[in-house]
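Close look at the chain arrangement
Each chain, written out:
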Amino acid sequence: MADIKHFLQFNDLNLDELNHIFARTKIIKAQFKAYQQYWPLQDRTLVMIFEKASTRTRLSFEAGMHQLGGSAIYLNTRDSQLGRGEPVEDAAQVISRMSDIVMIRTFEQDIIERFAANSRVPVINGLTNEYHPCQILADIFTFIEQKGSIKGKTVAWIGDSNNVCNTWLQAAEVLDFNVHVSTPPGYEVEVERANLYGDDHFETFADPMEAARGADLVTTDVWTSMGFEAENEERMRDFADWQVDSDMMKIAAKDALFMHCLPAHRGEEVAAEVIDGPQSVVWEEAENRLHVQKALMEFLLLGKVN
Ligand code: CP
Ligand code: NVA
């Protein structure tokens, strides 16, 4: 099923497609704010498969599909055969014969790749251990809304080299901006992954303050991602100096933005004064998940709509 377009990693979309999606997001968002009905996906069904918890991803996909005139079905591992060992390839065959588009939140990237390889319909990554591409679509749209083009700008990533960080690194390649990454020792971007993206668009810093210096956007995420809970206590100690606080925001560009994919832990990866402060755009960022994913589903199902 080679000619189906999926969104499994950020770089599944090229620059032209991303620019199209950002332009459509702006229009779709404005229509939504003006209470204009837009039902291009009438009678289409989205299946959402969750193997991990979610608030924003579920809500934004489910609400988004309804707003586009379609319907959404929620499946999770606990009460479907997915949690009882049915092969992912078999699940993909069946689910994709009964629906028009699938979104999956799961553990290893390999699971979603295998699902997509056996799917008759587009598959969207709603977060894996390795990537969170829908989040970075929303983050970059939010940056563009607030500041204009992200090309040539600097994003400081402070904390864990996790799924959200990996996706920033991919996005930097496609959209030509820079990522300054600072992680505690032992939590660096994997060498293999670093080689994959080359060092044209990202630089690592031992000192988080140096990573943040002059940045246009400072962003972070939880110290312990879903699936890594057993490491929580150790991580609390190891990440203690990797908190985004107001001193760090002061060293960034004067009008720098702060983003966080949420959920956040005030007093851990971010100080309350930053996430609740004037440079924070976290609520706009969360809302934009809805709008970018509507544009993404429109694109994957209907191609370039004008
Ligand atoms: N940011 C994000 O994906 O949030 P949820 O885990 O609530 O979906
Ligand atoms: N890195 C976090 C993101 C949650 C939206 C996790 O994977 O748990």
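Everything below is about the structure printed above this text.
Cut-offs used in this document
Numbers given to residues run from 1 along each chain, matching the order in which its sequence is written. Starting at A for chains and at 1 for ligands, labels are handed out in the order in which the entities are written. Local features in this predicted model are restricted to residues whose pLDDT is 70 or higher, and side-chain atom pairs enter the listing and the counts only when it is 80 or higher, whereas totals over whole chains, interfaces and linings include all residues. Heavy atoms throughout the structure, all of them, feed into the side-chain values; hydrogens and water do not. We define proximity as follows: a residue is near a molecule or strand when any one of its heavy atoms falls within 4 Å of that partner. A 3.5 Å cut-off defines polar contacts: any pair of N or O atoms within that distance qualifies, except that in protein one atom must be a possible hydrogen donor and the other a possible acceptor, and neighbouring residues in sequence count only when both atoms are side-chain atoms. All accessible areas in this document rest on Shrake-Rupley with a 1.4 Å probe, and a residue is counted as covered only by the protein chains that are shown. For this scheme, ten residues count as nonpolar: Ala, Val, Leu, Ile, Met, Phe, Trp, Tyr, Cys and Pro. Four count as charged, namely Asp, Glu, Lys and Arg, and the remainder, Gly too, count as polar. Burial classes: relative accessible area under 20% of the type maximum marks a residue as buried, over 50% as exposed, and values in between as partly exposed (1.4 Å probe, protein chains only). Helix and strand assignments come from DSSP, with helices taken as H or I runs of at least 4 residues and strands as E runs of at least 2, each series counted from the N terminus. Strand pairing follows a simple DSSP-based rule, namely that at least 2 bridges must link the two strands. Place the viewer so that the strands point away; then a crossover is right-handed whenever the path from the first strand over the helix to the second strand goes clockwise.

What surrounds ligand 2 is the set Leu127, Asn162, Asn163, Asp221, Val222, Ser225, Met226 and Leu262. With respect to ligand 2, the side chain of asparagine 162 contributes an N or O atom lying 3.3 Å from a nitrogen atom. Contact distances for ligand 2 include 2.8 Å between a nitrogen atom and a side-chain N or O atom of serine 225. Notes on ligand 2: free accessible area 270 Å², of which the protein chains cover 94%. Taken together, the residues of the shell around ligand 2 sort by class into four nonpolar, three polar and one charged.

Next up on the list: the pairing of strand E5 (residues 154-158). Among the five residues of E5, five are classified as buried, and the element is accordingly described as predominantly covered. In E5, alternate side chains face the same way, and those of Thr154, Ala156 and Ile158 on one face and Val155 and Trp157 on the other are all buried. Pairing of E5 with strand E6 (residues 178-182) involves five bridges; the strand directions are parallel. By the bridge assignment for E6, valine 155 is matched with valine 179. On the question of chirality, the crossover connecting E5 to the parallel E6 by way of helix H6 (residues 163-175) is right-handed. Bridge analysis of E5 against strand E8 (residues 217-220) gives four bridges, and the strand direction is parallel.

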